[in-house]
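Architecture at a glance
Residue-level listing of the chains:
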Number of protein chains: 2
Amino acid sequence: MKKICLSLFAVCCIIGSSKAQQDAGMMDQIYRTSFEEGLAYDNLRYLTKDIGNRIAGSTKAEEAVIWSKGLMEAMPFDKVYLQDVEVPFWDRGKKEEAYIESSKTSLKVLALGGSVSTPKEGISAEVIEVEFLADLKKYGDAVRGKIVFVNKPWDESMVETGVAYGLNSSQRSRGPAEVAKLGGIAYLFRSLSSSPDDDYPHTGGTRYVEGIDSIPALAISAKSAQRLSEELKKNAHLKVFLKNESAWKGIVKTHNVIAEWKGSEKPEEIITIGGHIDSWDLGEGAHDNGTGTMGTLDAIRTLMRLGYKPKHTIRLVFYMNEENGVQGSLKYGEIAKSKGEQIVAAIESDAGGFSPRGFDIKSSAEALHWIQTQWKPLFEEKFWVSRFLQGSPGVDSGIWGQYFPNTVMFNFRPDPHRYFDIHHTEKDVFEAVDRRELQSGVAALASLLYLVDQQINQMPK
Amino acid sequence: MKKICLSLFAVCCIIGSSKAQQDAGMMDQIYRTSFEEGLAYDNLRYLTKDIGNRIAGSTKAEEAVIWSKGLMEAMPFDKVYLQDVEVPFWDRGKKEEAYIESSKTSLKVLALGGSVSTPKEGISAEVIEVEFLADLKKYGDAVRGKIVFVNKPWDESMVETGVAYGLNSSQRSRGPAEVAKLGGIAYLFRSLSSSPDDDYPHTGGTRYVEGIDSIPALAISAKSAQRLSEELKKNAHLKVFLKNESAWKGIVKTHNVIAEWKGSEKPEEIITIGGHIDSWDLGEGAHDNGTGTMGTLDAIRTLMRLGYKPKHTIRLVFYMNEENGVQGSLKYGEIAKSKGEQIVAAIESDAGGFSPRGFDIKSSAEALHWIQTQWKPLFEEKFWVSRFLQGSPGVDSGIWGQYFPNTVMFNFRPDPHRYFDIHHTEKDVFEAVDRRELQSGVAALASLLYLVDQQINQMPK
């Protein structure tokens, strides 16, 4: 009996090891192909340099849609199509102006995404500076007629810069309504930048609340925020001039871009992979999110070049309008739900194209443990990818995921150190992307996609 | 009895957990201090921009020595001193020239470190191209009078670029002697660059063998190597012109820079931490190794700012001449050995200032397991530092470590993706360093130094 047990154990070990060896061999090929023949970096160059930034509803965004569709059509997908999406188009208009009235000291500002404009002649008013919106309470009626300036420095201590961003981003979105409710006439928000000396303003979405006046809302660079704060210490009654022209320009018809690679064993079970194709209207939308779209496309291309035949249907989705409305992912979810689709897994890339570190995973605890035990060892030592932790899905998967609570979701996590220095600024350009880092991420995404396709049915629910 | 055992277990858990909590708390402070108040980046700016590159024996290298000593003297060390080191000074002379004779197509080249010069008028000869020096055998006497061109492309498939570098670096050092032995008159070596389109030549040390002629040895950029290879396919008899003026210029007296922070409990037990202060004579020696010196200094400064009192003596060493002679680390080892010093641990930083990923460790298997169990969890999830693997010490620690076989050695490992694109080139400048990545590395180094100082006596041998 002992002998039989040992033999069975030995057989299991051999089968187990040969499967692991097969996976490891496939990953070796994936990494080699991505580094040697990957096109994510070249495609990114076109997207950033030849098309450029592409806010949802703009002609550039639609140009990116059409060009992306062409890229997919040149690959051996079974189906490539556009999904109609209607987005509200927000236009920044001419460059914003801001300065301290008395000294004419210029302040670097950008309208926050969704902001209304100032009157044509601009506005000039005294400033109330606080760290937190909650601090406005104590000013009572004094807020009336003022510009409110939320000057909360970034918490530099965190390696996980996404958490530092999250600590303060709600003040960006809640600010205008809370200030307007108290009679404030404009909102000035210290940019969410990980660098305290950064003189680039960082934009990002904000919002208004029905029934409360919409007031102009602008981001001020970290450095200008410090400068203004110093001047306010010397003269609490100084006035700041603000002028911006941004406005909503109605609804525009645009698209998600989708390609499908039909599964050979379970074609009705879908693995969705992708990222958003729109960007803010600054820089070139390179890390946010050119790398995510060009990276996920290249991950699939890598598997195709290796002659891989997927078991499940792999669906590549470039979502429209993640930055200011998430209409693309809402539409994707509504249609998938109405068709009763089975989306077994989702992979999203929307955190930049830096050195790949791992994936945040939304799954059961049992599935997470399984992934940490079965897959992490394949990535960790050889490919330097070691974070497989419970976490939130990406924004787009999270949105459509409301209809698919059982889908296992993977959120690609590249190195977090450099992202929030360039995020939502003029600095988010092609030159900020390193080819090896990007293609290493492509290989990590392709490896994960391969493992999900091969083994998701063995994974505990 | 059971009750007592449980209680004892509970007490141990409480002690264990409170110690781990204390370590975690200290690391939180270290990271915050490094990100918010760290000076590694500012010091690096001075070293790279105001001093610049600093090959051993140059006046710039000595300027870096004097300036570094001043930095250390401004900190609360117990002792700061210079250690005399004699180095052979190699000087590149005027810019090298290389072109294909027939077309005058320019080739980007750099003399390899240690190379002799061509005759004043240069040399012009036919070329034998091989991938491996071993392939020269089949050419027999045909090598005589020729330039040998080793054109081995970089293996792009590896995330661990250090291994790809190691695969081919011995051809750089062995080449000149092996070629000269066969009658070749010059050596042209494809640069060790991780980017196949790189048009910057990468220098690096080479060597001659006594009794064999010293021939000029030059690195050619990856792109120029491809161009030359293509031309050779069209015309195997084309001639290449090479001219360089580099030469050894005798022995120069210079220094290691050393500072000591005396231990409060075991002052006779020393923890050495540092990196090399010299660089190649190109670019600004930013990642190689400005970040290593300025980073280790700032790690100690971080602990000092936190009011830490070390148990062991912490000795900061800036080694001279790592790049082309390792005379600094040899001298350090000889003196330490002659004094019978107890160096219990060594930490070296000489792999760039990119996002910190972990440490290669030279220790017993038991000690490694202990580190992986006790320390890795403190770094992994929160600070994204997760590689604690068996590996080689840094070059300098490895050299003096020959006298100290029982010293536990830690080799700092930053992210490997970008290093070998800029290594030993004009591209290794301050702008290639990111402040958050560098200060994150400082925090990782300071945290490790703290843990080593606190716990090395509990570590299994």
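Keep in mind that what you see is a predicted model, and the values were worked out from it rather than measured.

Assigned secondary structure in chain A consists of twelve helices and 16 strands. Here the C-alpha atoms of chain A give a radius of gyration of 24 Å, agreeing with the 23 Å that 2.2 N^0.38 yields for 461 residues. For chain A, buried positions account for 53% of its 461 residues. For chain A, the share of sequence-separated contacts (at least 6 apart) that also reach a separation of at least 24 residues comes to 83%.

Attention now goes to the interface of chain A and chain B. With 23 residues of chain A at the interface, the matching set in chain B holds 22 residues. For the side of chain A that touches chain B, the elements supplying multiple residues, two or more each, are helix 1 (2–37), helix 9 (376–383) and helix 12 (435–455) of chain A. Counting residues per element, the side of chain A that touches chain B draws most heavily on helix 1 of chain A, at four residues. A per-class count over the side of chain A that touches chain B returns six nonpolar, six polar and eleven charged.

Moving on, we come to the relation of the copies chain A and chain B. If you rotate chain A by 180° and push it 0.0 Å along the axis, it lands on chain B with an RMSD of 0.0 Å. Considering both components of the superposition, the chain copies are consistent with a two-fold axis. When each C-alpha of chain A is compared by its distance to the rotation axis, Ser386(A) comes out closest, at 3.7 Å. Looking at chain A, 96% of its interface residues are interface residues in chain B too, so the copies touch through the same face.

This part covers the domain arrangement of chain A. Residues and elements named next belong to chain A. Domain assignment breaks chain A into domain 1 (26–90 + 250–455) and domain 2 (96–245). If you average the C-alpha positions of domain 1 and of domain 2, the two centres end up 33 Å apart. Here the side of domain 1 that touches domain 2 gets three residues from one element, more than from any other, and that element is helix 11 (residues 419–422). For the side of domain 1 that touches domain 2, the class distribution of residues is six nonpolar, four polar and four charged.

With that settled, consider the packing of helix 2 (residues 40–51) of chain B against helix 3 (residues 59–73) of chain B. All names here are of chain B. With their axes 11 Å apart at the nearest point, helix 2 and helix 3 run at an angle of 155° to one another. When the interaxial angle is binned, helix 2 and helix 3 end up roughly antiparallel. Between helix 2 and helix 3 lies a crossing whose hand is right-handed. Where helix 2 approaches helix 3, its residues Asn43, Leu47 and Ile51 are matched on the opposing element by Lys60, Glu63, Ala64, Trp67 and Leu71. When grouped by side-chain class, the residues that make up the contact of helix 2 with helix 3 number five nonpolar, one polar and two charged.

Sheet strands associate in pairs through backbone hydrogen bonding, adopting either a parallel or an antiparallel arrangement. Residue and element names in this part refer to chain B. Overall, mixed pairing links the eight strands, which are arranged 3-2-9-5-6-7-8-4 in an open sheet. This sheet does not close on itself; its edge strands, each paired only once, are strand 3 (105–106) and strand 4 (109–111). Taken together, the four bridges between strand 6 (residues 147–150) and strand 7 (residues 186–190) define a ladder with parallel strand orientation. Each residue of the ladder has a partner; that of Ile147, found in strand 7, is Ala186. In the packing of helix 4 (residues 161–181) onto the sheet, contacts are made with strand 6, strand 7 and strand 8 (217–220), and the angle to strand 7 comes to roughly 155°.

A few words now on the sheet that holds strand 10 (residues 247–261) of chain A. Residue and element names in this part refer to chain A. Spatially, eight strands are ordered 1-10-12-11-13-16-14-15 in an open sheet, and the strand pairing comes out mixed. The sheet is open, and its two edges are formed by strand 1 (79–91) and strand 15 (387–390), each paired on a single side. The average angle at which neighbouring strand axes cross in this sheet is 20°, direction not considered. Seen against the sheet, helix 3 (residues 59–73) touches strand 1, strand 10 and strand 12 (312–319) and runs at an angle of roughly 5° to strand 10.

Further remarks concern helix 12 of chain A. Look at helix 12 of chain A: 30 Å from first C-alpha to last across 21 residues, which is about the 30 Å you get at 1.5 Å a residue. For helix 12 of chain A, the buried fraction is high: 18 of the 21 residues fall into the buried class.

The step from Asp288(A) to Asn289(A) runs through a cis peptide bond, and the omega angle for that step is 10°. Within the secondary structure, Asn289(A) sits in helix 6 (residues 286–305). Here Val326(A), not a glycine, exhibits a phi torsion of approximately 45°, which is positive. Looking at where Val326(A) falls in the secondary structure, it is placed in the loop between strand 12 and helix 7 (327–338). You can call Val326(A) buried: it has 23 C-beta atoms within 10 Å. Residues other than glycine seldom take positive phi values, yet Lys104(B) does so here, at roughly 60°. C-beta crowding within 10 Å serves as the criterion here: with 8 such atoms nearby, Lys104(B) is assigned to the exposed category.

Turning our eyes to something else, we now look at the confidence of the model for chain A. Summary statistics for chain A give a mean pLDDT of 96 and a share of 96% for residues scoring 70 or more. What the predictor reports for the complex is a pTM of 0.95 with an ipTM of 0.95.

Okay, the pairing of strand 6 (residues 147–150) of chain A next. Residue and element names in this part refer to chain A. Judged by which residues are buried, strand 6 turns out to be covered on both faces: Ile147 and Phe149 on one side and Val148 and Val150 on the other are all buried. Looking at chain direction, strand 5 (residues 123–130) and strand 6 are connected through four bridges and run parallel. Bridged to Val127 within strand 6 is Ile147. For the segment spanning strand 6, helix 4 (residues 161–181) and strand 7 (residues 186–190), crossover handedness is right-handed.

Glancing now at the environment of Arg435(B). Residues and elements named next belong to chain B. Along the chain, Arg435 falls in helix 12 (residues 435–455). Given 22 C-beta atoms within a 10 Å radius, Arg435 is considered buried. Sequence separation between Arg435 and Ser355 is 80 residues, and the spatial gap between their C-alpha atoms is 9.9 Å.

Rules used in this analysis
Residues numbered from 1 in each chain as written. Chains lettered and ligands numbered in written order. Predicted model: local features only at pLDDT ≥ 70, side-chain atom pairs only at ≥ 80, totals over all residues. Helix = DSSP H or I, 4+ residues; strand = E, 2+ residues; numbered from the N terminus. Rg over C-alpha atoms; globule rule 2.2 N^0.38 Å. Buried ≥ 20, exposed ≤ 12 C-beta atoms within 10 Å, placed from the backbone. Contact = placed C-beta atoms within 7 Å. Nonpolar A, V, L, I, M, F, W, Y, C, P; charged D, E, K, R; others polar. Least-squares fit on C-alpha atoms with pLDDT ≥ 70 in both. Domains from an automatic or database assignment. Axes fitted to C-alpha atoms, helices over the stretch in contact; angles between N-to-C directions. Parallel < 35°, antiparallel > 145°, perpendicular 65-115°, else oblique. Left-handed = near helix turned anticlockwise from the far one by under 90°. Pairing = 2+ DSSP bridges. Expected span 1.5 Å × (residues − 1). pLDDT = per-residue confidence, 0-100. Right-handed = clockwise from strand over helix to strand, strands pointing away.

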